[in-house]
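The residues making up each chain are set out below.
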Amino acid sequence: MFKRKEQEGGVTETAVMAALSNVIEPELHRDLVSLNMIRDLKIEGNDVTFTIMLTTPACPLRGKMEADSRAALAQVPDIGQITVKWDSSVPADARIKDQLGQSFRNTIAVSSGKGGVGKSTVAVNLAISLAKSGARVGLLDADILGPNIPMMMGVEQMPPPQNRKMVPAENFGVKFISMAFLVKPDQPLIWRGPMLHSAIRQLLTDVEWGELDYLIIDLPPGTSDAQLTLAQVLPLSGTIVVTQPMQVAASDALRGLKMFEKLEVPILGVVENMSGEIFGTGAGEKLATDYDTEFLGSVPMDANVRVGGDGGQPIVEAFPDSPAAQALNEIAQKVAARISVLTLQKSTNFIPIELVG
Ligand SMILES: Nc1ncnc2c1ncn2[C@@H]1O[C@H](COP(=O)(O)OP(=O)(O)OP(=O)(O)O)[C@@H](O)[C@H]1O
Ligand SMILES: [Mg+2]
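Model, not experiment: these values are computed from the prediction.

## A look at the overall build of the protein chain
- The helix and strand tally for the protein chain stands at 13 helices and 11 strands.
- In terms of C-alpha radius of gyration, the protein chain reaches 22 Å, essentially the compact-globule figure of 21 Å for 357 residues.
- Expressed as lengths along the three principal axes of its C-alpha atoms, the size of the protein chain is roughly 80 × 50 × 40 Å.
- Considering only intrachain contacts with a sequence separation of at least 6, the fraction spanning at least 24 residues in the protein chain is 75%.

## Notes on the packing of helix α9 (residues 247-262) against helix α10 (residues 283-291)
- Contact geometry of α9 with α10 gives a least axis separation of 9 Å together with a crossing angle of 40°. Here α10 runs oblique to α9, going by the angle between their axes. Of the two elements, α9 crosses α10, and the hand of that crossing is right-handed. Mapping the contact onto sequence places Gln 247, Ala 249, Ala 250, Ala 253, Leu 254 and Leu 257 in α9 and Ala 283, Gly 284, Lys 286, Leu 287 and Tyr 291 in α10.
- The class makeup of the residues in the contact of α9 with α10 is eight nonpolar, two polar and one charged.

## Structural notes on the domain arrangement of the protein chain
- When the domains of the protein chain are assigned, the result is domain 1 (2-88) and domain 2 (94-346).
- Of note, the centres of domain 1 and domain 2, computed from C-alpha atoms alone, are 37 Å apart.
- Listed per partner, the contact involves seven residues of domain 1 and 11 residues of domain 2.
- The class makeup of the residues in the side of domain 1 that touches domain 2 is four nonpolar, two polar and one charged.

## Quick notes on the sheet that holds strand β2 (residues 47-54)
- The three strands lie next to each other as β1-β2-β3, forming an open sheet whose pairing is mixed. Each end of this open sheet is capped by a strand with a single partner; those strands are β1 (38-44) and β3 (82-88). Between one strand axis and the next, the sheet turns through 15° on average, direction left out of account.
- Across five bridges, β1 lies against β2 in antiparallel orientation. Pairing of Arg 39 across the sheet is with Thr 51, part of β2.

## Points about the site of ligand 1
- Close to ligand 1 lie 20 residues, the nearest being Gly 115, Gly 118, Ser 120, Thr 121 and Gly 309.
- Every element with two or more residues in the shell around ligand 1 is listed here: α5 (119-132), β10 (267-275) and α11 (303-310).
- Broken down by class, the residue content of the shell around ligand 1 amounts to seven nonpolar, nine polar and four charged.

## Observations regarding the environment of Gly 309
- Along the polypeptide, Gly 309 turns up in helix α11.
- For Gly 309, a count of 20 C-beta atoms within 10 Å gives the class buried.
- Sequence spacing of Gly 309 and Gly 63 is 246 residues, and the spatial spacing of their C-alpha atoms is 33 Å.
- Filtering out sequence-adjacent residues up to four positions away, Gly 309 remains in contact with Thr 121, Met 152 and Pro 314.

## A closer look at unusual backbone geometry
- Here the phi dihedral of Asn 163 falls at roughly 50°; this positive angle occurs in a residue that is not glycine.
- When you line up the elements, Asn 163 lands in the loop between α6 (149-153) and β6 (169-171).
- On the neighbour-count criterion, Asn 163 (6 C-beta atoms within 10 Å) is exposed.
- Residues other than glycine seldom take positive phi values, yet Phe 172 does so here, at roughly 50°.

## A short note on α5
- Look at α5: 20 Å from first C-alpha to last across 14 residues, which is about the 20 Å you get at 1.5 Å a residue.
- The buried count for α5 comes to 13 of 14 residues, which makes it a mostly enclosed element.
- Immediately downstream of α5, the backbone of Gly 134 shows phi near 115°, a positive value.

## Section: the sheet that holds β10
- On the basis of which strands lie adjacent, the open sheet formed by eight strands has the order β6-β7-β5-β8-β4-β9-β10-β11 and mixed pairing. Because the sheet does not close on itself, it has two edges, and the strands there are β6 and β11 (295-300). Each strand of the sheet is rotated relative to its neighbour by a mean of 25°, with strand direction disregarded.
- With four bridges connecting them, strand β4 (residues 107-111) and strand β9 (residues 238-243) associate as parallel partners. Residue pairing across strands places Ala 109 opposite Thr 239, the latter belonging to β9.
- The strands touched by helix α13 (residues 323-346) within the sheet are β4, β9, β10 and β11, with β11 carrying the most contacts at an inclination of about 165°.

## A word on the pairing of β3
- The pairing of β2 with β3 spans seven bridges and is classified as parallel. Within the sheet, the bridge partner assigned to Thr 49 lies in β3 and is Thr 83.
- Between β2 and its parallel partner β3, the chain crosses via helix α3 (residues 62-73), and the hand of that crossover is right-handed.

## A few points about the nonpolar core
- Of all hydrophobic cores here, the largest spans 100 residues; its most connected members are Ala 127 and Ile 216.
- Examining the composition of this core, we find that 11 residues originate from one element, α13, more than from any other.
- Looking at this core, you find at least three residues from each of domain 1 (2-88) and domain 2 (94-346).

Calculation notes
Residues numbered from 1 in each chain as written. Chains lettered and ligands numbered in written order. Predicted model: local features only at pLDDT ≥ 70, side-chain atom pairs only at ≥ 80, totals over all residues. Helix = DSSP H or I, 4+ residues; strand = E, 2+ residues; numbered from the N terminus. Rg over C-alpha atoms; globule rule 2.2 N^0.38 Å. Contact = placed C-beta atoms within 7 Å. Axes fitted to C-alpha atoms, helices over the stretch in contact; angles between N-to-C directions. Parallel < 35°, antiparallel > 145°, perpendicular 65-115°, else oblique. Left-handed = near helix turned anticlockwise from the far one by under 90°. Nonpolar A, V, L, I, M, F, W, Y, C, P; charged D, E, K, R; others polar. Domains from an automatic or database assignment. Pairing = 2+ DSSP bridges. Near = placed C-beta within 6 Å. Buried ≥ 20, exposed ≤ 12 C-beta atoms within 10 Å, placed from the backbone. Expected span 1.5 Å × (residues − 1). Right-handed = clockwise from strand over helix to strand, strands pointing away. Core = buried A, V, L, I, M, F, W, Y, C linked by C-beta atoms within 7 Å.

In structure tokens form, the structure reads like this:
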């Protein structure tokens, strides 16, 4: 019966795939077919059903891809009903498993040249935003001296260990671990280089993280031991640099950028935080332009960001419709897209085509 259709020139797999090979993935700038993103194609009569396998669940461009696919398939003679389904598989940065033995597909460090610019705030909200989109996300508080991820995530204790491994705490769909879990609140934390190294290593290796699409790492401020240690202990898929909107802040951020460049860690882009009337706006974008990296977005100054941070109710969770939360969600999507591109470029079977524009 199927054969008869082919002979009569009905809708065929070849025709459908040929049509879909004209649809370009907007981030990766390659067609859906050669990217192997078309899966489970079924043709019943003239009706077509298939799944588009995204490289991140945090993909904001589904609408465009679906519309483009439908438009392309409209060119196939006799095409009937078209059903598009979605799934995602985040590409893995293979170096991580090789070096660390953990199943993290990608590792993303959140850094800044100086303190108090909102690294932890960005890290927490980025993690939650990615988790909300359906990704498996971990958050490592690598600020060994001033750990405050547990407070921001609203969980002050981690579960008891299992099989001699630490079990990460979990909230808002994100697994997280922090030195704050291991020391008493009033105990001063004094670390020397080698201890810092082994502390960070332990939080990565002696923890039952499970499989993660993204491990977000909140770094201490500046260009200190922790950054160097981290880059030695595990391969970083990329780093985002957080800056405040003033030019002086951006020059600190530039130092941070340069350090990661020396460590050969890809820069995913710049986030401007606390923009608005008080600190102004613009230095983040200028820094990104000057440094020839992506401007990921600016997060406005909003009292609810601080209140939420102090009270364990991060803004993307507590006020998802606020401009600050929406900015953070967009940043998360851009970061996920940048990671997909970088990780796919590293994998051998990806042949990048000339980027348009
Ligand atoms: N967009 C924002 N609007 C209002 N308050 C903010 C915003 N971003 C961060 N904050 C607040 O600013 C303070 C510093 O933020 P955060 O702790 O995230 O910075 P940090 O860079 O991680 O600091 P450190 O260098 O000490 O680790 C916190 O009280 C936080 O709630
Ligand atoms: Mg911090």
